[in-house]
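# Structural overview
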Amino acid sequence: MKPLFTLPLLIGPLLACAQMTSPSQMLQVAATPPFARQVPHTVKSPNGDRIDEYYWLRDDDPKTKRPEVIQYLEAENAYTDAKLAPLAGLQKQLVAEMRARIKEDDSTPPVYDRGWWYWREFKAGDEYPRLMRQRGNAERMDAKAKPELLLDQPALAKGQAYYRVGATAVSPNGQLLAWTEDTTGRRIHTLRFKNLATGQIYPDAVPGTLEGMAWANDNRTVFYILQDPVTLQSGPVYRHVLGTDAKSDVKVYEEADKTLFVGVDRTASGKYVVIGVRGTETAETLVVPADKPATPVKVLLKRRDKVRHSADHLNGRWVIRTNENALNFKLVSAPENAADVRSLWRTLVPARDQATLEGFALTTRGIAVEERVNADTRVRLLGQAAGKALDLPAGTVVALGEHRDPAAAHLRYTVTSMVQPTATYDLHLKSGKPVLRKLREVPGYDAKLYATERLWAPSRDGKRIPVTVAWRKDKAQANGQAPLLVVGYGSYGYSYDPNFSSNRPSLMDRGFVIAIAHVRGGAELGEGWYADGRMMNKKNSFNDFVDATQALLKAGWGAPDKVFANGGSAGGLLMGAVANQAPQLYKGMVLDVPFVDVVTTMLDESIPLTANEWQQWGDPREKPAYDYMLSYSPYDNIEAKAYPAMLVTTGLWDSQVQYYEPAKYVARMRARRTDSNPLLLATNMKAGHGGASGRFEILNEIAREYVFLLDLAGAAK
């Protein structure tokens, strides 16, 4: 039997080489890229069949993969290691630089919740934080009280190749902790419990859940969502009573429409457990009285086509964010027992064309809202200190912070930019005075050396694309000489905010200009910007990215022969489509966990996220959607032409974009392209969509991408 992949010009097939035990031998063998064997497979659909010659790389087993798949991925990893081996010294240097900018013994600013202040703290050398708390009142912590350790993540992660806490929730009486943990990277969580008074971890364990949970007021009942065992998405909502067998848990609600997502939460008042059903074009809110958790679920706000909403409760009324007759959302209040009666709604924040209402938080002294205007966010407080926005210059992100208790004396918000580390403020709700709680400490970083600004790039169809640019002032300027890295996302209505990263200075210190192209498909310019970049308008995202890149070059923000691009997940789709459309524009690209096999994935309902995302990309069972998606799907449009150098990453246990999409993409690209530029695939064999779970472990993956770019730019010093 022939191997499914080979290394040309070698004495034997890689199947034998993969059995070598010496890393140096493996690197020597891997000097030539592995070529995957083509095994024709017919992908059927109502609108036409296609041949996928690398379909054999797919293995859906949640615990293991076929030997030939593992061997191929390991061969690709060995080849990537061999190609980057000359840069190992620089990669090590970059890891050291980035780690040096991380304050190792650090903590988050404490946040108040029902008599306690909670925070997370890192000890020097720890990959994971500890969850802590200390007694206090709404104004401040009690200096005489001792800090308490609630969850020791470093201890829980010991011996685990991957460990991530999904969510935590303290019971209303403050005596119990519920949390979810993922030990595979596949976002399959186990719900667990701890007695905070005794330190006992209960034997109760509910496997196969989503991240979130919500306590009832009896301090014994917890609502959670069981994952669909195939798609890993929202399954039925159950309630668990502490101390009982999970097999006896009661099903509370099950959503019949599997294209929708389900979540559970508590209202700000603590009076209700909320079950939220969400989709791209609809929503429904159901509630259970938190004092009577066995009460049947009641529909609070019925689903309506094209209407999205979210609701919270405080002071005997519901506050609802909705897009009903309000493209960019509005905020209304409704009576507690008549939330769905439109005639009783009272407008709190009206619909506006130029401002998008993105979120809100309820306090006993007013309502805080987060809004977006011209791609920038701002925070306003409605109530005693109503009306005045916390405005900062363009390119700066002002966002609502963590706010757990509506009776807290402060409103938390954060301020950051691409070059300014995050500052966390508490606005005292009675006096109106802001208090700086914490300025993120970044050792060795001097913000005065860097600059950022907002540009507006013309698109080919007459739109103005916001672009945020950052650079080191003494290393780069708009003179057409600097290497330029353009990054983007443009999907799901998620805005790619220009937040600070302590890793980017390693590129800017070496002369790179970094630009975020806020392309359509995100919501930087409102819900219309989102709608104009999804479904049958998806190509606008790709066109915007190319047009933004060309505008940056025209403005002098990059050398034409040193232009690079990066995007991850749906941003990886952006990269793949742009590579097919304008390969000559970019010298190199990094595609992180890229969604590149659009049509095949969207035809298969057994793949996680598929059915949920038909309203994002389209349903290829319908002919117009099939044809449109096929016309841009990166995997389906690889041609015999020259492409940029590429580094493609994936995780073997990725549940969001399955590992075989990037693997197939690289295999087909290697077989069809006409250039000899580097084409590398790096698979994390122990992680999923987000890469390594530890705060230091992930630096190796980031540094690998940076050395790849620096080498192509001629800046690998």
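By convention here, each chain's residues receive numbers from 1 onward along its written sequence. In keeping with the predicted nature of the model, local features appear solely for residues at pLDDT of at least 70, side-chain atom pairs appear and are counted solely at 80 or more, and the whole-chain, interface and lining totals rest on all residues. Note: side-chain values were computed over all heavy atoms of the structure, leaving out hydrogens and water.

On to the packing of aromatic side chains, then. For Phe, Tyr and Trp, where Trp contributes only its six-membered ring, two rings pair if their centres lie within 6.5 Å, and the inter-plane angle classes them as stacked under 30 degrees, edge-to-face over 60, or tilted in between. By the definition in use, this model includes 20 aromatic pairs. On the numbers, 4.5 Å between centres and 45° between planes, the contact of Trp471 with Trp557 is tilted. One end of the pair, Trp471, is in strand E32 (residues 464–472); the other, Trp557, is in the loop between helix H8 (539–554) and strand E35 (563–568), with 86 residues separating them in the sequence. One exposure class covers both Trp471 and Trp557, and it is buried. Seen in terms of ring centroids, Phe595 and Trp617 are 5.3 Å apart; in terms of plane orientation they differ by 55°. Their pairing is tilted. Of the two residues, Phe595 sits in the loop between strand E36 (588–592) and helix H10 (598–603) while Trp617 sits in helix H11 (residues 614–617), which places them 22 residues apart along the sequence. Here the term buried applies to any residue with accessible area under 20% of the maximum for its type, exposed to any over 50%, and partly exposed to those in between, with areas from a 1.4 Å probe on protein chains only. Relative accessible area serves as the criterion here: at 7%, Phe595 is assigned to the buried category. Taking the relative accessible area as the measure of exposure, Trp617 reaches 2% and is therefore buried. A ring is considered to have a charge above it if a Lys NZ or an Arg CZ atom is located within 6 Å of its centre and within 35 degrees of its normal. Sitting over the face of the ring of Trp116, Arg133 holds its NZ or CZ atom 3.5 Å from the ring centroid. Put simply, DSSP marks the helices as runs of H or I at least four residues long and the strands as runs of E at least two long, and each gets a number from the N terminus on.

Convention adopted: a line fitted to C-alpha atoms gives each axis, helices being fitted over their contacting stretch, and angles between N-to-C directions are expressed from 0 to 180 degrees. For the pair helix H4 (residues 88–100) and helix H14 (residues 697–712), interaxial distance at closest approach is 9 Å and the crossing angle is 125°. Between H4 and H14, the crossing angle belongs to the class labelled oblique. Between H4 and H14 lies a crossing whose hand is right-handed. On H14, the residues touching Leu90, Gln91, Leu94, Val95, Met98 and Arg99 of H4 are Leu699, Asn700, Ile702, Ala703, Arg704, Tyr706, Val707 and Leu710. Considering only residue class, the contact of H4 with H14 consists of 10 nonpolar, two polar and two charged. Here is the rule for angles: anything less than 35 degrees is roughly parallel, anything more than 145 is roughly antiparallel, 65 through 115 is roughly perpendicular, and the remaining ranges are oblique. Each crossing gets its hand from how the near helix is turned against the far one by less than a right angle, where anticlockwise is left-handed and clockwise is right-handed. Whether two residues are in contact is decided by their heavy atoms, any of which lying within 4.5 Å being enough. Gly is put with the polar residues, along with every residue not named as nonpolar or charged; the nonpolar set is Ala, Val, Leu, Ile, Met, Phe, Trp, Tyr, Cys and Pro, and the charged set is Asp, Glu, Lys and Arg.

All right, on to unusual backbone geometry then. The backbone of Phe329 shows a phi angle near 75°, a positive value even though the residue is not glycine. In this structure, Phe329 sits in the loop between strand E21 (317–322) and strand E22 (330–335). What makes Phe329 buried here is its relative accessible area of 1%. Even without a glycine there, the phi angle at Ala375 is positive, about 80°. Ala375 gets classed as buried once you look at its relative accessible area, which sits at 3%.

For the purposes of this section, nonpolar cores are sets of buried Ala, Val, Leu, Ile, Met, Phe, Trp, Tyr and Cys residues that join through side-chain atoms within 4.5 Å. Among the nonpolar cores identified, the biggest contains 78 residues, and Phe545, Met646 and Tyr665 are the most heavily contacted of them. With sequence-adjacent residues up to four places away left out, Phe545 is seen in contact with Val486, Val487, Gly488, Ala517, Val519, Ala565, Leu574, Met575, Val578 and Tyr586. Val95, Ile102, Val442 and Leu680 belong to the second-largest nonpolar core, a separate cluster that totals 40 residues.

The next thing to look at is the pattern of salt bridges. When a carboxyl oxygen of Asp or Glu lies within 4 Å of a side-chain nitrogen of Lys or Arg, that pair is called a salt bridge. By the definition in use, this model includes 56 salt bridges. Notably, a salt bridge pairs Asp532 with Arg520, separated by 2.9 Å at the nearest N-O pair. Linking Asp532 in the loop between helix H7 (527–531) and H8 with Arg520 in the loop between strand E34 (513–517) and H7, this pair joins segments that are 12 residues apart in sequence. The same class applies to Asp532 as to Arg520, namely buried. With its nearest N and O atoms 3.4 Å apart, the salt bridge here joins Arg621 to Glu605. Of the two residues, Arg621 is situated in the loop between H11 and helix H12 (623–632) and Glu605 in the loop between H10 and H11; the sequence distance between them amounts to 16 residues. Given a relative accessible area of 44%, Glu605 falls into the partly exposed group.

Turning to the confidence of the model for the chain, a few remarks are in order. Scored from 0 to 100, pLDDT reflects the predictor's confidence in each residue. Model confidence for the chain is summarised by a mean pLDDT of 93, while 95% of its residues fall at 70 or above. Contacts of residues 7–29 to residues separated by more than four positions or lying in other chains number 31 contacts, the stretch itself having pLDDT below 50.

What follows deals with the layout of surface pockets. Put simply, the grid is 1 Å and covers the protein atoms alone, a cavity is a trapped set of points that fit a 1.4 Å probe, a pocket is an open set with protein on both sides within 12 Å along at least five of seven lines, and lining residues have an atom within 4 Å of a point. Grid points are joined across faces, edges and corners, and a volume is the space filled by probe spheres set on the points. There is about 1500 Å³ of room inside the second largest pocket. For the lining of the second largest pocket, the elements supplying multiple residues, two or more each, are helix H3 (67–84), H4, strand E33 (484–487), E35, E36, strand E37 (645–651), strand E38 (679–684) and H14. Here the lining of the second largest pocket is composed, by residue class, of 18 nonpolar, 21 polar and seven charged.

Let us look at empty space enclosed by the protein. Sizing a probe to match a water molecule and rolling it over the atoms shows the empty space that remains. On inspection of all chains with the given rule, the structure shows four cavities of 30 Å³ or more. Forming the boundary of the largest cavity are Val111, Tyr112, Trp117, Ala138, Glu402, His403, Arg404, Ala408, Ala409, His410, Arg412 and Asp426. Looking at side-chain class alone, the lining of the largest cavity contains six nonpolar, two polar and four charged residues. Volume-wise, the second largest cavity comes out at about 50 Å³. If you go around the second largest cavity, the residues you meet are Tyr55, Arg58, Asp597, Thr600, Thr601, Ile607, Tyr660, Glu661 and Lys664. Examining the composition of the lining of the second largest cavity, we find that three residues originate from one element, helix H13 (residues 660–672), more than from any other. Residue composition of the lining of the second largest cavity, grouped by class: three nonpolar, two polar and four charged.

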